[in-house]
Structure formats: C-alpha cells, structure tokens
Amino acid sequence: MTPAVARRRFAVVTFLYWLPVGLYLPAQVLLLTERGVGLTSIAGFYAVYSLTVACLELPTGGLSDVIGRRVVLVAAGLLSLVGLTLLALGTTAGVLLTAMVLLGAGRALSSGPAEAWYVDTVQAHSGPDAELRTGIARGSTATATALAVGTLLGGGLPWLLGLGPDLGGRLSAHTDGLVLPLSVPVLLGAAVVLGYVTYVLAALTEPPRAPASLREVLRGVPATMLDGVRLGARDALVRRVLLSAGAVGAALSVVELLTPRRAAVLTGGAESGAVLFAALACAGFLCTALGSNRAPLAARLARGGERAVLLSLGLAGAGALLLAATATTRGPLALALAALGYGLVYLGLGAAGPNQNEVLHRRVGTTVRATALSVQSLALQLAGALATLAAGVLPPGAAPWLLAGVALLAGAALWARRAVPAPLDVPAPRSPAAEPAAPERAADGVGTGR
C-alpha cells in the first residue's frame, strides 16, 4: 500500500471514529438529566468513564502491539456501538453505568492502533526513514474536523426536531419516551460507528501475523506494556514527548473546566452560556484542525520538528496567558483579546501534536508503537486530572488560567535544547513464515540511543 493511500485511509478512519464523539458530547449531560439522573450521579458516571479509560489504556495498547491493529480497532468500534445504543435508550442507572464503562473501554482500545497502523504501513513501504509528519497531521486534522462537525450537528439536531411539527415530541410519544429528541444525536453516532467498523475491516489491511494462543497473548501484553513504559526512562526524546503530553493535558483540562463558567458570566445565564460555549468549542476544534494541517509547514519554517514543537507550545502558552490577563476584565478589547487567546491555545496545540508524534514514532519500533501512544495518552489524562483538582482550589480570577499558561510554557521549555537522536535500530521485516510468536515479538525491544 502506497503512503498516499495509507494517509487517506488513516484520515477517513480517524474522522469516522471521532464524529460520533462530537455528536453525543453536546447532548450527553442533558440527555442524562432528561432521564432523571442527578448532577452527582452524572459526575459519578463521568468518573467511571475516566477510570475505565485510565485502567485499560496500557493493556489495550499492548494488546494492539501483540495481536494486531485492525482487530483492536474493530473491538473498539463494537464496544462503542453498544455503549452509544445503551446511552441513547437506557432509562436506569445500571444500564447507563454499563454504557459509560463500554464507552470508556472503546476509547482505551482506540487510543493508538490507527496511527500505529499508518506508521507501520508507510515504513513497510518506504523504509524506517519514510516521511510521517504529513499523514499524522492529516489524522489530527480529521479528528478536530470531526469533533467540530459533530458538535454542531449534535447540538443542533434536538433543537431542529422541536421546530414546526415537533418531530421530536412525536418520536418520543411513539416510543413511549424511549427515544427522546436528545437521543437522536447519540443514535446517529451509533450508526456512524457501524460504518467505522465496516471501513476498518475493508480498508485497514495488515500483513498476516503468526497465530498466538490466549496464554501467549496474556504473557505478551504485560511484557509489551513494560517495554513501552521503559521507553520514557531510557530515551530522552520519548521522555520529552510524554512530559509535553502531560503539560498539554493539564492546560486543556483547565481551559475546558473554566470556559463554560466564563461563557455563562459573559452572557448572563447558563442557557445562553451553553450556546456560547458550544460555539467556542466548535471554533477551538477548527483552530486545532488548522494548526494540525499546517504542522508540516511549521516544521519547515522552524527548520525541524523539535523546534516546531517549541514554538507551537509557546504560542499556545501565550494564548493561555492572554486568557489569564483578561479573566477579570470586561469590555470589547478584553473580549477580543480573550477570543484571540482561546484561538491561539488550540491553534498552537494543533500544530504541536503531529510534530511531537513524528518524533515519538522515530524513537519506537512496531513492537511497542501502540503502547507508546497509550503511555502518551495516559500521561495527558493523569496530568489533566491533577490540574483540574488544582484549578478547583485556586482562587477565582486569573490564577487558574495562569496555571494553564505556565504548564504550556513549561512544556515548550522542554524542547529548548535541540537533540539529534541516533537512528533507531529497527529489525528488518520478516516473512510471515519466519515471524516469531507474539510474546517473543513483544520482547524484541527497541533502540534507545540518545
């Protein structure tokens, strides 16, 4: 498969995965509220989802490295399909809790295998020095675009169903309240997931792997997980990527926590604030898409991916500082500066992501590629959780926003010293007949030259 075909398929599968997420995000809390779930219980559901993702992040990454990318992506889609269906139609706490667990498991399974498939495919065609940044940037652009489109559709569909003949009310009446107007975006997301699974099966072809027994898989996954975790300790560049992911996770969590409240204050009401926040979220996703799309250009202008990460994270940090500087002020100028700062945060993060991941893929081999991406995702999530707690105890005003800016600038500072890594020692491709069993393949290891 040529790199151009691999890039296109990677972008499509990424878009199809994230579009359902965008569809159900605006409706999720309101749907649970319509089902009679209290705010405390909703927070508990979200906590269960987050814990499920965190607990399964590394095991599922290791599983992808051992048994293959496509089968794990299909499993992620099927779990998400069932989870979204239960979320759309569930009326009891047990069913809704099961939905959140399944969605969390699906999210953990999907973290890394698609990008790992793309890198493996391109390097199999063009060698270990193949150009990766463009395809990774297109994947990031597809993610942000899907979230932007999905957020608009997911927020607008229930409102549209209430206009004119009130199709939403009729739908609810005909189904005895099982399908509410707010259920429609979630069910539409489930339909998209079905298309995603079909596309993965048809388009993401892989070389045959040696069959592995359940015992071999259970032995191989922990070994692969340990190899992935050790990368951060052994390799300075991988450690920079992981620490940068933590900085990004901290900043994003703070911005996403504080923006809805700030929007409500600006508009004078929760409902109008929710509308403004939806518009801001869509604009943020579009800025991320633009930044991701321009990531290869940023690397060329900065004369290297590492320097592009430095400048991009610095730009995002400057945006967060603008948000902090305008946190307690009003007026047209302050609002314009805050909007500019918000856009810069997401633009900078969009440009930094593909360049960081390109560095990561240069440092890891195929036996731990998905695991390394899972470690990166886990670092982002854990740092985000800690930053959310910290922002909650800080006094209102500029201080919580300043936390986001400091985190991003600290992440940028990690890249101030340019490193020239030694070439990665990647084993030569072997024929399927000579391919070792899964546990031995997982234990091959990767080069760790600095």
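In this text the structure is predicted, and so the values were computed from the model without any measurement. (Residues numbered from 1 in each chain as written. Predicted model: local features only at pLDDT ≥ 70, side-chain atom pairs only at ≥ 80, totals over all residues. Heavy atoms only, no water.)

Novice: Which parts of the structure should I look at to understand the overall build of the protein?
Specialist: Of the regular secondary structure elements, the protein holds 17 helices and zero strands. Within the protein, the fraction of its 450 residues that count as buried is 51%. Of the contacts formed within the protein by residues at least 6 apart in sequence, a portion of 84% connects residues at least 24 apart. For the protein, the accessible area works out to roughly 19,400 Å², and carbon and sulfur atoms hold 69% of it. (Helix = DSSP H or I, 4+ residues; strand = E, 2+ residues; numbered from the N terminus. Buried < 20%, exposed > 50% of the residue type's maximum accessible area, 1.4 Å probe, protein only. Contact = heavy atoms within 4.5 Å. Areas by Shrake-Rupley, 256 points an atom, 1.4 Å probe, with all protein chains shown as cover.)

Novice: Explain the side chain of Thr259 to me, please; I cannot follow it from the model alone.
Specialist: By the element assignment, Thr259 lies in helix α10 (residues 236-267). Using a relative accessible area of 5% as the deciding quantity, one classes Thr259 as buried. Apart from residues lying up to four places away in sequence, Thr259 is in contact with Phe277, Leu280, Tyr342 and Trp401.

Novice: How should the nonpolar core be read in this particular structure?
Specialist: Nonpolar side chains tend to gather and get buried jointly when the protein is soluble and globular. Core analysis: the biggest nonpolar cluster contains 52 residues, and Tyr118 and Tyr196 have the highest contact counts within it. Those elements giving two or more residues to this core turn out to be α1 (3-34), α2 (39-67), α3 (69-89), α4 (93-110), α5 (113-126), α6 (133-161), α8 (183-203) and α11 (270-293). Val241, Ala320, Ala338 and Ala412 belong to the second-largest nonpolar core, a separate cluster that totals 41 residues. (Core = buried A, V, L, I, M, F, W, Y, C linked by side-chain atoms within 4.5 Å.)

Novice: Can you walk me through the packing of helix α14 (residues 332-363) against helix α15 (residues 369-393) in this structure?
Specialist: The packing of two helices is summarised by the inter-axis angle and the distance between the axes. At a minimum axis distance of 10 Å, the contact between α14 and α15 shows a crossing angle of 140 degrees. With respect to their mutual orientation, α14 and α15 come out oblique. Regarding α14 and α15, the two cross each other, and that crossing is right-handed. Residue-level contacts link Asn357, Leu360 and His361 of α14 to Arg369, Ala372, Leu373 and Gln376 of α15. Of the residues belonging to the contact of α14 with α15, the class tally is three nonpolar, three polar and one charged. (Axes fitted to C-alpha atoms, helices over the stretch in contact; angles between N-to-C directions. Parallel < 35°, antiparallel > 145°, perpendicular 65-115°, else oblique. Left-handed = near helix turned anticlockwise from the far one by under 90°. Nonpolar A, V, L, I, M, F, W, Y, C, P; charged D, E, K, R; others polar.)

Novice: Just checking my understanding: could you explain the pattern of salt bridges for this structure?
Specialist: In a structure, side chains of opposite charge can pair up when their charged atoms sit close to one another. Scanning the model with the defined rule gives five salt bridges in all. Asp120 is the partner of Arg69 in a salt bridge, and the nearest nitrogen-oxygen pair spans 2.7 Å. Note that Arg69 is positioned in helix α3 and Asp120 in helix α5, a separation of 51 residues in sequence. Judged by relative accessible area, Asp120 falls into the buried class, the value being 17%. (Salt bridge = Lys/Arg side-chain N within 4 Å of Asp/Glu carboxyl O.)

Novice: Is there a simple way to explain the confidence of the model for the protein in this structure?
Specialist: Fine structural detail should not be taken from predicted coordinates in areas where pLDDT scores are low. Across the protein, pLDDT averages 82, with 85% of residues at or above 70. Note on residues 422-450: pLDDT is under 50 here. Beyond four places in sequence and across chains, it has 55 contacts. (pLDDT = per-residue confidence, 0-100.)

Novice: Would you mind showing me how to read α5 here?
Specialist: In an α-helix, one turn spans 3.6 residues, which is why side chains three or four residues apart end up on the same side. Over its 14 residues, α5 extends 20 Å from the first C-alpha to the last, a length consistent with the 20 Å expected when each residue adds 1.5 Å. In terms of burial, α5 is largely enclosed, as 11 of its 14 residues are buried. Buried within α5 we find Pro113, Ala114, Glu115, Ala116, Trp117, Tyr118, Val119, Asp120, Thr121, Val122 and Gln123. Positive backbone phi, approximately 95 degrees, marks Gly127, located one or two places after α5. (Expected span 1.5 Å × (residues − 1).)

Novice: Would you mind showing me how to read the packing of α6 against α14 here?
Specialist: Where α6 meets α14, the axes come as close as 9 Å, and the angle between the chain directions of the two elements is 135 degrees. Judged by the inter-axis angle, α6 sits oblique to α14. Crossing geometry of α6 relative to α14 is assigned as right-handed. Along the contact surface, α6 presents Arg133, Ile136, Ala137 and Ser140, while α14 presents Pro354, Asn355, Asn357, Glu358 and His361. Tallied by class, residues from the contact of α6 with α14 come to three nonpolar, four polar and two charged.

Novice: In this structure, what is going on with unusual backbone geometry? I would like to understand it.
Specialist: Generally, phi is negative for residues other than glycine and the peptide bonds are trans, each holding for most cases. With a phi close to 65 degrees, Arg303 is a non-glycine residue in the positive phi region. Within the fold, Arg303 resides in the loop between α12 (295-302) and α13 (305-325).

Novice: Looking at this structure, I do not really get the environment of Ala279. What am I missing?
Specialist: Relative to the elements of secondary structure, Ala279 occurs in helix α11. A relative accessible area of 46% means that Ala279 is categorised as partly exposed. The sequence separation of Ala279 and Thr151 amounts to 128 residues, and the corresponding C-alpha distance is 8.9 Å.

Novice: Help me understand the packing of aromatic side chains, please; the structure alone is not making it clear to me.
Specialist: Note on aromatic pairs: each is described by the distance of the centres and the angle between the planes. Scanning the model with the defined rule gives four aromatic pairs in all. With 5.3 Å between their ring centres and 15 degrees between their planes, Phe10 and Tyr118 make a pair best called stacked. Of the two residues, Phe10 sits in helix α1 while Tyr118 sits in helix α5, which places them 108 residues apart along the sequence. Just as Phe10 is buried, Tyr118 falls in that class too. Chaining the aromatic ring pairs together yields one cluster made of Tyr17, Trp18 and Tyr196. A cation over an aromatic ring shows up here: Arg262 above the ring of Trp401, its NZ or CZ 5.0 Å from the ring centre. (Phe/Tyr/Trp six-rings, centres within 6.5 Å; stacked < 30°, edge-to-face > 60°. Lys NZ or Arg CZ within 6 Å of the ring centre and 35° of its normal.)

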